[in-house]
Amino acid sequence: MTTGLEDRLRADMERFTADLRIPHGMAAKACVQVRRRRARLRVLTASAAAVVLVASAVAGAEASGAFSSTPAAPSATAKLTAYVVRHVETALAPAQVDNLIGYTRMVFPPGVALEPSPAGIGGPQGQRSAQTPWSVGSTVRWQYGDRWTLAAYSPGGQHVFDFGLRFSGDGGTVTAVLYESRTWWTAPGQPSGPPARSGCALGGTLQLSTGRGNGWPALIRAQLACGAFSVVGHQDVDGIDAIKIAGPVSGFTLWVNPATYLPVRMTIGPVSASFEWLAPTPANLAPLHLTVPAGFRQVPPPARP
Amino acid sequence: MEMEPSRPVAEIEQFLADRGNQLLRTAALLAGSKEGGEDLLQAALERLLRRWQTIEGDPEGYLRRTLYHLAADNWRRQGAWRRQLRLLRPGLDLAAPDPFADLELRDSLVRLLRQLPPRQRAAVVARYWEELSEAEAASVLDCSVGTVKSATARGLQRLRELSGGGHGGRDATARESAKEQTR
């Protein structure tokens, strides 16, 4: 049975598509895309084969004692790693990355606690207990120039706190919004210096320096400068065929976008961080403005640890 | 094994010259916009090229099925895409040109069709645009005849509500879309 709605639907579909004509060269364009895809697959296959060959060669050389007397020429893997690391360091250089908003989402294993203070964010008096009100399962951090904000969520997804820093000249302001107590505080803040070069073994702590040119880009650059990284292949990360780089510290792995060489993911032991690098549009800058919800009471800031 | 794509390009060009406009019209209805339709058809063509040597018989059937499957895939991913787009290009929803901006299409059922959940929309396009039988639509959509029947009936009912300003409205559509995405 035909109804008026069905007739109208047919008529509307006919009218909407009436002037559509297939664009010229669509098959050729599809052909180009297929060729590009095949070329990418060839490169990946060749890279994987090269890695296998290099690994075999290294294993053979070690077995025959070839490394015992004369230093070996850099392997293909080492050259590839050096090339990739150089590009990542360039992509994360302050001149490049300071023009982008860094968005980082971190996921923590059970038992991690973070507490905001005027000096920054750290474990509450060194405790690591799931019972603390500062138990955190994930954080979302935005950084741009001399400003960053961080939202912390409990393992169950509840908003634990927001934290924001804004620097200007020699000083700045630190603000924290605490959701469980429905309070907030603000205090003077100062940017810290760049991370120490000696911090190659990350251990159980991650110290992100604040201020322009610092944060995650500085920490990753500092890690790369420690050396002993190795490109170990490609892996899909959120739809990106990312280059996987294994670090000297067990569990430290970095994935970078092959087009931009900017990090897309990093793991440090059980902690993982996902990165996005965004243009500083007004809408992208909005999360960098910390807002105190209505009805929250201002309290004095805690003492610096 | 994938085939060398250069040889069949001429054959596909000829095939598109014969059937391309009709397929593009279907793709535009499935995608909800003319530009989206071109992208959808382009993606389906790439799959066709990669499988050209293994396709037996008429390539149109393969291309049509691919169009429907890709459209459904895209819709399923829409939630994730929107979240990413919000981060990458916030405000996109506001800034994006309305493909139905033409005055004559503002109140068109095609615009309302875009608000249907994926399965309902595909079923409605298959049945009322392509004029496929329920069995043919089930084959293209890779589902049972019963699913085609229920999806078509619900899609029409929803269009009726939306066009008549009847019960449900935007929230109900959103709820239904969310349900569809989680299936």
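Located above this text is the structure these notes cover.
Please read all numbers here as calculations on a predicted model, not as lab measurements.

K.L.:
A description of the overall build of chain B should follow, citing residues and the corresponding values.
P.N.:
On a plain count of helices and strands, chain B comes out with nine helices and zero strands. Walking chain B from its N terminus toward its C terminus, one meets helices and strands in the order α-α-α-α-α-α-α-α-α. Per-residue burial over chain B gives 44% buried out of 183 residues. Sequence-distant contacts in chain B: of pairs separated by 6 or more residues, those separated by 24 or more amount to 61%.

K.L.:
With reference to specific residues and values, describe the sheet that holds strand S7 (residues 171-178) of chain A.
P.N.:
All names here are of chain A. Taken in spatial order, the 12 strands of this open sheet run S9-S10-S11-S12-S13-S1-S4-S5-S6-S7-S8-S14, and their pairing is mixed. A single partner strand is all that each edge strand has here, and the edge strands are strand S9 (230-237) and strand S14 (297-298). Relative to strand S4 (residues 138-144), strand S1 (residues 101-107) runs antiparallel, the two being bridged by six bridges. Note that in S4 the partner of Val-107 across the bridge is Ser-138.

K.L.:
Report on the nonpolar core, specifying residues and quantitative values.
P.N.:
Of all hydrophobic cores here, the largest spans 56 residues; its most connected members are B:Leu41 and B:Leu159. Here the element with the most residues in this core is helix H1 (residues 9-31) of chain B; it accounts for 10 residues. In this structure B:Leu41 touches A:Ile22, A:Met26, B:Gly20, B:Leu23, B:Leu24, B:Ala27, B:Leu63 and B:Leu67, once residues within four positions along its chain are discounted.

K.L.:
Which residues make up H1(B), and what values go with them?
P.N.:
Because the α-helix completes a turn every 3.6 residues, residues three or four places apart line up on one side. Residue and element names in this part refer to chain B. Its 23 residues give H1 an end-to-end C-alpha distance of only 25 Å, which falls more than 12% under 33 Å, the value for a rise of 1.5 Å per residue. The axis of H1 is deflected most strongly, by about 65°, at Arg-19. Downstream of H1 by one or two residues, Gly-32 has phi in the positive range, about 95°.

K.L.:
Kindly report on the packing of H1(B) against helix H6 (residues 118-129) of chain B, identifying the contributing residues and their values.
P.N.:
Angle between the axes and distance between the axes are the two parameters that describe a pair of packed helices. Residues and elements named next belong to chain B. It is at 9 Å that the axes of H1 and H6 come closest, and there the two elements cross at 145°. Once H1 is placed against H6, the crossing between them reads as right-handed. Together, Gln-22, Arg-25, Thr-26, Leu-29, Leu-30 and Ala-31 of H1 and Arg-121, Ala-122, Val-125 and Trp-129 of H6 make up the contact between the two elements. A breakdown of the residues in the contact of H1 with H6 according to their chemical character gives six nonpolar, two polar and two charged.

K.L.:
Break down the interface of chain B and chain A for me, citing the residues and quoting the values.
P.N.:
Between chain B and chain A, the residue contacts involve 46 residues of the former and 38 residues of the latter. Here chain B meets chain A over a buried area of about 3900 Å², counting both sides, of which 65% is carbon and sulfur. At the boundary of chain B with chain A, the tally comes to three salt bridges. Linking chain B with chain A are five residue pairs in polar contact (both at pLDDT 80 or more), by the criterion used here. Breaking the side of chain B that touches chain A down by element, the ones donating at least two residues are H1, helix H2 (34-51), helix H3 (59-88), helix H5 (109-113), H6 and helix H8 (145-164) of chain B. The leading source of residues in the side of chain B that touches chain A is H1(B), at 10 residues.

K.L.:
I'd like to hear about the packing of H6(B) against helix H7 (residues 134-141) of chain B, residue by residue, with values.
P.N.:
Residues and elements named next belong to chain B. Contact pair H6 / H7: the axes reach a minimum separation of 10 Å and the direction vectors enclose 135°. With respect to H7, the axis of H6 lies oblique. The way H6 lies across H7 gives a crossing that is right-handed. In contact with Ala-122, Ala-123, Ala-126 and Arg-127 of H6, H7 contributes Glu-134, Ala-137 and Leu-141.

K.L.:
I'd like to hear about the side chain of A:Asp12, residue by residue, with values.
P.N.:
Structurally, A:Asp12 can be placed in helix H1 (residues 4-17). On the basis of relative accessible area, A:Asp12 is assigned to the buried category, the value being 6%. Contacts of A:Asp12, omitting those with residues within four sequence positions, involve B:Ser108, B:Leu109 and B:Val110.

K.L.:
I'd like a description of the side chain of B:Glu60, backed by residues and values.
P.N.:
Residue and element names in this part refer to chain B. You can see Glu-60 is positioned in helix H3. In this structure the side chain of Glu-60 is engaged in a polar contact, spanning 2.8 Å, whose partner is the side chain of Arg-19. Leaving out residues up to four positions away in the same chain, Glu-60 has contacts with Phe-15, Arg-19 and Leu-23.

K.L.:
Give a description of the environment of A:Arg15 that names residues and reports values.
P.N.:
Residue and element names in this part refer to chain A. With respect to the element layout, Arg-15 can be found in helix H1. The class of Arg-15 is partly exposed, set by a relative accessible area of 36%. Polar side-chain contacts of Arg-15 include one of 3.0 Å to the side chain of Asp-12.

K.L.:
Quick rundown of the pairing of strand S10 (residues 240-246) of chain A? Include the residues and the values.
P.N.:
All names here are of chain A. Of the strand pairs in this sheet, S9 and S10 are connected by seven bridges, and their pairing is antiparallel. Within S10, the position partnered with Asp-236 by the bridge is Asp-241. Adjacent in sequence and paired antiparallel, S9 and S10 are bridged by two residues, among which Asp-238 carries a positive phi angle near 50°.

K.L.:
Residues and numbers for H6(B), please.
P.N.:
All names here are of chain B. Over its 12 residues, H6 runs 16 Å from end to end, which matches the ideal 16 Å to within 8%, given 1.5 Å per residue. Among the 12 residues of H6, 10 are classified as buried, and the element is accordingly described as predominantly covered. Burial in H6 covers these residues: Pro-118, Gln-120, Arg-121, Ala-122, Ala-123, Val-124, Val-125, Ala-126, Tyr-128 and Trp-129. Glu-131 sits one or two positions beyond H6 and adopts a positive phi of about 60°.

Definitions and cut-offs
Numbers given for residues are sequential positions, taken from 1 along each chain in its written order. Chains carry letters from A onward and ligands carry numbers from 1 onward, assigned in written order. Note on the predicted model: pLDDT of at least 70 is required for a residue's local features to be given, and 80 or more for side-chain atom pairs to be given and counted; whole-chain, interface and lining totals, by contrast, use all residues. Side-chain metrics in this entry use all non-hydrogen atoms of the structure; hydrogen atoms and water are not considered. Helix numbering and strand numbering both begin at the N terminus, where a helix is a DSSP run of H or I of at least 4 residues and a strand a DSSP run of E of at least 2. Each residue is assigned to one of three classes by its accessible area relative to the maximum for its type, calculated with a 1.4 Å probe on protein chains only: buried under 20%, partly exposed between the two thresholds, exposed over 50%. In what follows, residue pairs with any heavy atoms lying within 4.5 Å of each other are defined as contacts. By this definition, two strands are paired if DSSP reports at least two bridges between them. In this text, buried Ala, Val, Leu, Ile, Met, Phe, Trp, Tyr and Cys residues form a nonpolar core when linked through side-chain atoms within 4.5 Å. Multiplying 1.5 Å by the helix residue count minus one yields the expected span of that helix. A residue's bend is simply the angle between two axes: one fitted to the seven residues ending at it, one to the seven starting at it. Lines fitted to C-alpha atoms define the axes here, with helix axes fitted over just the stretch in contact, and angles between the N-to-C directions of these axes take values from 0 to 180 degrees. Each helix crossing is assigned a hand: it is left-handed if the near helix lies turned anticlockwise from the far helix by less than a right angle, otherwise right-handed if that turn is clockwise. Residues are grouped as follows: Ala, Val, Leu, Ile, Met, Phe, Trp, Tyr, Cys and Pro are nonpolar; Asp, Glu, Lys and Arg are charged; every other residue, Gly included, is polar. Accessible area that two parts lose when put together, evaluated with a 1.4 Å probe and summed over both, is termed the buried area. Basic side-chain nitrogens of Lys or Arg form a salt bridge, by our definition, when they fall within 4 Å of a carboxyl oxygen of Asp or Glu. N or O atoms closer than or at 3.5 Å make up a polar contact, with two conditions inside protein: a donor-capable atom paired with an acceptor-capable one, and, for residues adjacent in sequence, both atoms drawn from side chains. In these notes the angle categories are as follows: under 35 degrees is roughly parallel, over 145 is roughly antiparallel, 65 to 115 is roughly perpendicular, and the rest is oblique.

Function cannot be inferred from these measures alone, as they are strictly geometric.
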